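# Examining the three-dimensional arrangement
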Amino acid sequence: MIPLILAAVLAISPTCDLEKPSGAPGCTRVAVDALPMTAIQVIGTHNSYKAAIAPSEMAALKAINPKTAAGLDYSKPPLKVQLDAGARQIELDYVYDPQGGRYMNPLGLKLAKETAPYDNRLMAAPGMKVMHVPDIDYRSVCQTFVQCLTEMAEWSRRHPDHMPILVIMNLKEDQIPVPGATPLLPFDAKAMDSIDAEILSVFRRNELILPDKVQGRYPTLREAVAAGAWPKLKAARGKFLFAMDEGPAKTDLYRAGRKVLEGRVMFVNVDESSPAAGYITLNSPKTEGARIAAAVKAGLIVRTRADADTVEARTKDRTTQIAAFNSGAHYVSTDYMTPDVRLSSYEAHLPGGGVARVNPVTKP
């Protein structure tokens, strides 16, 4: 039986949609499920939660800083719509609000003469609040972290065969240099614990790919992933892995003196040499191509970007997305799974279509 499975895996067609195998030669469920999860490449969305800035607020922002306004002029549909469309990487940014109510009255509402209605009722409860730029770009398709998690978990339970979904997160604490802006709270040790607690309030542990599980009996996570310890797709289907996309100050605080990530829920974006290395963000495929290739070879899960700040959409430039898909990064993020017709016909999809394809670098 094992030689037959191996033969099937080696024969997988590069055009096979790994999430929904066709059953054709080289594209069977048995063959696909025998692959490690590092053998895939999927597409996802950048700032997946971001709703449009209200027109009057955007007009006020354009008058103050046209370049910043242009970079913020995009939006996303509800998370479940993105997942239905094939997004298998989601990005969430949030601020710390342990008492609740801190972000109920954003400055943008006060600065604009007229603005769209803003339902702030969920902002009153304690917990992480999801937004891009507090006070300025604060509207989200799901306002709280738990609300976003719940929407994804409910979608997943209705679609249990989906490819493993990566959720990357930025922890916002930089102050906005605008008079009257809400002071942001720093992410301290208690805040780090609360992130894990909010994830586990929605997801069961058996619905997650956890650092401890991947590390297993290896001395470090880095050694485990180098040895190919990521689960096979049969075990990874229907699951999520969470990753903190931050620098050393926050990742060290999250690790809190641990040798690796013992007991933690999230992977962390750390240097490839770290004992906690299992995931890395390398967002510039044209300039970081060699580093992406090395990280993939070392067994790390890699996320990169196909476009950024509306630049590619405005110029219809596909060179970054081509570099991203060719790089071997497992998760390629875009703002344009569908075009923004106000800007151009630019969009990003997996080469050959489908939800998941054989990774061009790690292919069997």
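Provided above is the structure to which this section pertains.
Remember, predicted model here, so these are calculated numbers, not experimental data. (Residues numbered from 1 in each chain as written. Predicted model: local features only at pLDDT ≥ 70, side-chain atom pairs only at ≥ 80, totals over all residues. Heavy atoms only, no water.)

### A few points about the pattern of salt bridges
Formally: Any Lys or Arg side-chain nitrogen found within 4 Å of a carboxyl oxygen on Asp or Glu counts as a salt bridge. Where helices and strands are cited, they refer to DSSP runs of H or I of at least four residues and of E of at least two residues respectively, numbered from the N terminus. Exposure classes here rest on a 1.4 Å probe applied to the protein chains alone. A residue is buried below 20% of its type maximum, exposed above 50%, and partly exposed in between.
Counted by the stated rule, this structure contains 20 salt bridges. Salt-bridge contacts for Arg29 lead to Asp161; the nearest nitrogen and oxygen are separated by 3.5 Å. Pair noted here: Arg29 is in helix α2 (residues 29-33) and Asp161 is in the loop between α7 (145-158) and β4 (165-171), with a separation of 132 residues, a long-range link. What makes Asp161 partly exposed here is its relative accessible area of 39%. A salt bridge links Glu246 to Lys250, with the shortest nitrogen-to-oxygen separation between them at 3.5 Å. Here the two residues Glu246 and Lys250 agree in accessibility, since each one is buried.

### Considerations on the pairing of strand β1 (residues 40-45)
On a regular strand, each side chain points to the face opposite its neighbour's, so the side chains alternate between the two faces of the sheet. What counts, and what does not: A pair of strands is considered paired only if DSSP assigns at least 2 bridges between the two.
Most of β1 sits inside the fold, with 6 of its 6 residues counted as buried. Every second residue of β1 is oriented toward a common face, with Ile40, Val42 and Gly44 on one face and Gln41, Ile43 and Thr45 on the other, all of them buried. Pairing of β1 with strand β10 (residues 356-358) involves 3 bridges; the strand directions are antiparallel. If you follow Gln41 over to β10, its bridge partner there is Arg357.

### Details of the side chain of Arg237
Test applied: Contacts described as polar in this section are N or O atom pairs within 3.5 Å, which, within protein, must combine one atom able to donate a hydrogen with one able to accept it, while residues neighboring in sequence count only if both atoms come from side chains. We call two residues contacting when some pair of their heavy atoms lies within 4.5 Å.
Structurally, Arg237 is set in the loop between α11 (233-236) and β5 (240-244). From its side chain, Arg237 meets the backbone oxygen of Glu19 in a polar contact 3.2 Å long. Within the structure, Arg237 has its side chain in polar contact with the side chain of Asp33 (distance 2.8 Å). Here Arg237 is in contact with Leu18, Glu19, Pro21, Arg29, Val32, Asp33, Pro160, Asp161, His162 and Met163, once residues within four sequence places are set aside.

### A few points about unusual backbone geometry
As a rule of thumb, non-glycine residues mostly have phi less than zero, and peptide bonds are mostly trans rather than cis. Notably, Asn47 is not glycine yet its phi reads approximately 45 degrees, a positive angle. The residue Asn47 is located in the loop between β1 and α3 (55-64) in this model. On the accessibility criterion, Asn47 (2% relative accessible area) is buried.

### Focus on the pairing of strand β2 (residues 89-95)
A large share of β2 lies buried, amounting to 7 of its 7 residues. In β2, alternate side chains face the same way, and those of Gln89, Glu91, Asp93 and Val95 on one face and Ile90, Leu92 and Tyr94 on the other are all buried. Across 6 bridges, the pairing between β2 and β4 is parallel. Bridge pairing links Ile90 to Val167 in β4. Where β2 meets strand β3 (residues 129-130), 2 bridges bridge the pair, whose relative direction is antiparallel. Along β3, the bridge assignment pairs Tyr94 with Val130.

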